[in-house]
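Fold and geometry: a report
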Amino acid sequence: MTDTRARVAGALAAAMALMVTELATAGSGPSMIDSIGSQFIVRFAEPVEALAIAVFGTNDKLALKAGIVIVALLIGAALGRAARRRPQVGVAGIAAFGVLGIAAGLADPLASTVRVVAGCVIGVAIGVFTLTTLLRAAAKNTAPTATAEDPRTPQASRRSFLMLASATGAVAVVGAGAARVVRAGATGASRLASIVLPRAAKTVAVPATQPFTVAGLSDYLTPIDDFYRIDTALFVPRVNESTWRLEVKGLVDRPYSLSYDQLLRMDMVEEPITLSCVSNEIGGDLVGNARWLGVPLADVLARAGVKRGADQIVGRSVDGFTAGFPTEAATDGRSALVVVGMNGEVLPQRHGFPARLVVAGLYGYVSATKWLESIELTRLADFDGYWIPRGWSKIAPVKITSRIDVPRLGDRVAAGQVVIAGVAWAPPTGISGVEISVDDGPWTAARLGNVASSNTWVQWTAGVDLTTKGRHEVLVRATDANGRRQTAEEASPRPDGATGYHRSVFTVT
Ligand SMILES: Nc1nc2c(c(=O)[nH]1)N[C@H]1C(S)=C(S)[C@@H](COP(=O)(O)O)O[C@H]1N2
Ligand SMILES: [Mo]
């Protein structure tokens, strides 16, 4: 037997074991790979400073899952090689895989214990069977000549191993594909589509028109498909709204809980609010402005009666994520909602169905809990939300920020009137002015678009005469409605949000 065949046998054993666990967990919950990835995120990723919140964008999640599969196959290959001489090593290795899988599954609040345990036990059994069968086939004949006991030539033996290995690989691929199909059918998307949201009792109108349009400028309202998504959830929780309840508890006089229908029967507000991520770099796109439909958090709290001294509101997600912010934010008159709708649609699963919090003027990681299952009143000193022990600030108001959308870095524009445009935000205060400076020239005021309220970003534009061909640079800065100007001092997102002026460099031709 060659090392190569043993490695192939080991990798295939790992693939079969993984495939079995994927099949066993292919329902409405997270897959085994999701649960392992979640544990990776919770335990290892965040302490590494470079892997900040922004790491958990959509592509990174795909990369993490692919990485888990590749590492599992590589470890399987190493086990196969080791098992060539000492078969116990292979069995022990696969069993260790199973134990890790069970541990990850049990630690995942969304995973079904029965599915995880059954999947891992059967997966280990099938993995061990695959490994021993393939190793035996590989060992059959690697001697240079056929013998009386094994009359086959090495070529024939090689061919039969290859056939067995290919068949096993095919079974693993088909099984994994079947798990995917089952999973895709269990999203609950059709249920969501049939939900009818109530009309808002109060609406903050979106401006019907804007005084200018500029190609390439962000829309005033961000379409759902373009709205950024940031969370630690490798598996998007699929909450069944018919059994879901929202608990209001902690330091309150009358704890209570609401069903989805009860929540929908409360008086709703619909209003645009700009939400941004603390990980947004200057000029970045982890920010969006959506029309949220929801119940004022103040109403939800009033029903429970907040006790004196309860200076923190903690939102907890069905997946264990938590975010906490000062109780004041729910009562100081700013917009703070228990949201059920986004841009006229039922809150999408990726954005927190059935309910989430949105608080104007606070970064998402301290306020905007998605897949909300409880609102707990507590003390700031008594509880830290998910990101706080991971090096992010406990108190995190959104900073005054402005961004240039047009021209983009590296754009080529024709000489003459050059149009500069972008967005600026400072919720809940609002923006009173935006200025630009070209090639270190004087700061000049930009024109501002219409806004629904001070909770949203504002579109801005300015025209500059540029006749000199070549490279030019434009900077932007904003002032909020209290007259406070955005700081020029450059800071990275950690621990409480990036600062500095956004610049764009372009060429006039
Ligand atoms: N359950 C849960 N809610 C969460 C998070 C999370 O990781 N889990 N991330 C928060 C962060 S960091 C941000 S910026 C916003 C992003 O909301 P969005 O994905 O709808 O844009 O959600 C917040 N709510
Ligand atoms: Mo965030």
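Above this text is the structure in question.
Residues numbered from 1 in each chain as written. Chains lettered and ligands numbered in written order. Predicted model: local features only at pLDDT ≥ 70, side-chain atom pairs only at ≥ 80, totals over all residues. Heavy atoms only, no water.

Below, the discussion takes up the layout of surface pockets. Estimates place the volume of the largest pocket at around 970 Å³. Taken together, 31 residues form the lining of the largest pocket, with Asp 34, Leu 62, Lys 65, Arg 180 and Arg 183 sitting closest to its centre. For the lining of the largest pocket, the secondary-structure elements that each account for two or more residues are helix H1 (3-24), helix H2 (32-45), helix H3 (58-85) and helix H6 (154-185). In terms of residue count, H3 provides more of the lining of the largest pocket than any other element does, eight residues in total. By residue class, the composition of the lining of the largest pocket is 17 nonpolar, five polar and nine charged. Size it by volume and the second largest pocket reaches roughly 600 Å³. Around the second largest pocket, the lining is made up of 25 residues, and of these Ile 36, Ile 68, Phe 97, Leu 100 and Gly 101 lie nearest the centre. For the lining of the second largest pocket, the elements supplying multiple residues, two or more each, are H1, H2, H3, helix H4 (87-107) and helix H5 (113-139). With seven residues, H4 is the largest single contributor of residues to the lining of the second largest pocket. Of the residues contributing to the lining of the second largest pocket, the split by class is 18 nonpolar, six polar and one charged. (1 Å grid on protein atoms, 1.4 Å probe; cavity = no way out; pocket = protein on both sides within 12 Å on 5 of 7 lines; lining within 4 Å. Points joined across faces, edges and corners; volume = space filled by probe spheres on them. Helix = DSSP H or I, 4+ residues; strand = E, 2+ residues; numbered from the N terminus. Nonpolar A, V, L, I, M, F, W, Y, C, P; charged D, E, K, R; others polar.)

We now examine the site of ligand 1. The environment of ligand 1 is made up of 20 residues, and the closest members are Tyr 228, Thr 232, His 351, Arg 356 and Lys 370. Contacts to ligand 1 include Tyr 228, whose backbone N or O atom sits 2.7 Å from an oxygen atom. Interatomic distance of 2.6 Å between a side-chain N/O atom of His 351 and an oxygen atom of ligand 1. Counting atoms within 2 Å of the grid points, the majority share of ligand 1 lands in the largest cavity. Looking at the shell around ligand 1, its residues break down into 10 nonpolar, five polar and five charged. (Near = heavy atom within 4 Å. Polar contact = N/O pair within 3.5 Å; in protein donor to acceptor, adjacent residues only side chain to side chain. Sits in = over half its atoms within 2 Å of the grid points.)

Okay, empty space enclosed by the protein next. According to the stated counting rule, one finds three cavities of 30 Å³ or more in the structure shown. Considered as a void within the structure, the largest cavity measures approximately 290 Å³ in volume. What lines the largest cavity is a set of 23 residues, and nearest its centre among them are Ile 230, Asp 231, Gly 364, Ala 368 and Lys 370. Tallied by class, residues from the lining of the largest cavity come to 12 nonpolar, six polar and five charged. Roughly 80 Å³ of volume is contained in the second largest cavity.

On the surface, a cluster of negative charge is made up of Asp 219, Asp 225, Asp 226 and Glu 345. Given a relative accessible area of 55%, Asp 226 falls into the exposed group. (Patch = residues over 30% accessible without salt bridge, like charges linked within 9 Å, V, L, I, M, F, W, Y side chains within 5 Å. Areas by Shrake-Rupley, 256 points an atom, 1.4 Å probe, with all protein chains shown as cover. Salt bridge = Lys/Arg side-chain N within 4 Å of Asp/Glu carboxyl O. Lys, Arg positive; Asp, Glu negative; His and termini not counted. Charge placed at Lys NZ, Arg CZ, Asp CG, Glu CD. Buried < 20%, exposed > 50% of the residue type's maximum accessible area, 1.4 Å probe, protein only.)

Moving on, we come to the pattern of salt bridges. In total, this model carries 16 salt bridges according to the counting rule given. Between Asp 382 and Arg 379 there is a salt bridge; the shortest N-O distance is 3.7 Å. Salt-bridge contacts for Asp 496 lead to Lys 399; the nearest nitrogen and oxygen are separated by 2.8 Å. Remark: Lys 399 occurs in the loop between strand E11 (372-378) and strand E12 (401-406) and Asp 496 occurs in the loop between strand E19 (470-480) and strand E20 (502-508); sequence separation between them is 97 residues. Several salt bridges share partner residues, and in doing so they unite Asp 3, Arg 81 and Arg 84 into one network.

Taken together, five strands build an open sheet; the order of strands is E3-E2-E11-E6-E7 and the sheet is mixed. Unpaired on one side and paired on the other, strand E3 (256-259) and strand E7 (322-326) mark the two borders of the sheet. The sheet shows a mean angle of 15° between the axes of neighbouring strands, taken without regard to direction. In the sheet, strand E2 (residues 245-250) pairs with E3 via four bridges, with the strands oriented antiparallel. Considered in E3, the bridge of Arg 245 is made with Ser 259. (Pairing = 2+ DSSP bridges. Axes fitted to C-alpha atoms, helices over the stretch in contact; angles between N-to-C directions.)

Here we come to the environment of Arg 254. Relative to the helices and strands, Arg 254 resides in the loop between E2 and E3. Classification of Arg 254 as partly exposed rests on a relative accessible area of 45%. Separated by 50 residues in sequence, Arg 254 and Ala 304 have C-alpha atoms that sit 4.7 Å apart. Beyond its immediate chain neighbours, meaning those up to four positions away, Arg 254 contacts Ala 302, Arg 303, Ala 304 and Gly 305. (Contact = heavy atoms within 4.5 Å.)

A few words now on the sheet that holds strand E15 (residues 431-438). Strands sit in the order E13-E20-E19-E15-E16 across an open sheet of five strands; the sheet is mixed. In this open sheet, the two strands that pair with only one neighbour each are strand E13 (412-413) and strand E16 (444-445). The sheet contact formed by E15 and E16 spans two bridges and is antiparallel. Directly across from Ile 436, in E16, lies its bridge partner Thr 444.

Inspection of the secondary structure assignment puts Arg 229 in the loop between strand E1 (202-203) and E2. A distance of 2.8 Å separates the side chain of Arg 229 from the side chain of Asp 231, its partner in a polar contact. Polar side-chain contacts of Arg 229 include one of 3.0 Å to the backbone oxygen of Ala 233.

Across all of its chains, the model carries nine aromatic pairs by this definition. Judged by centre distance (5.9 Å) and plane angle (85°), the rings of Phe 227 and Trp 292 are edge-to-face. In this pair, Phe 227 is assigned in the loop between E1 and E2 and Trp 292 in strand E5 (residues 287-296), connecting sequence segments 65 residues apart. Grouping aromatic residues by their ring pairs yields a cluster made of Phe 227, Tyr 228 and Trp 292. (Phe/Tyr/Trp six-rings, centres within 6.5 Å; stacked < 30°, edge-to-face > 60°.)

Turning next to the nonpolar core. The biggest cluster of nonpolar side chains holds 73 residues, and the ones touching the most others in it are Tyr 260, Leu 263, Leu 297, Val 338, Val 340, Tyr 365 and Ile 375. Considering each element in turn, this core owes the most residues, four residues, to helix H9 (residues 297-304). Beyond its immediate stretch of four places on either side in the chain, Ile 375 contacts Leu 246, Glu 247, Val 248, Lys 249, Leu 297, Val 300, Leu 301, Ile 313, Val 314, Val 338 and Leu 357. Grouped together as the second largest cluster of nonpolar side chains are 22 residues, Ala 426, Ile 431, Val 474 and Phe 506 included. (Core = buried A, V, L, I, M, F, W, Y, C linked by side-chain atoms within 4.5 Å.)

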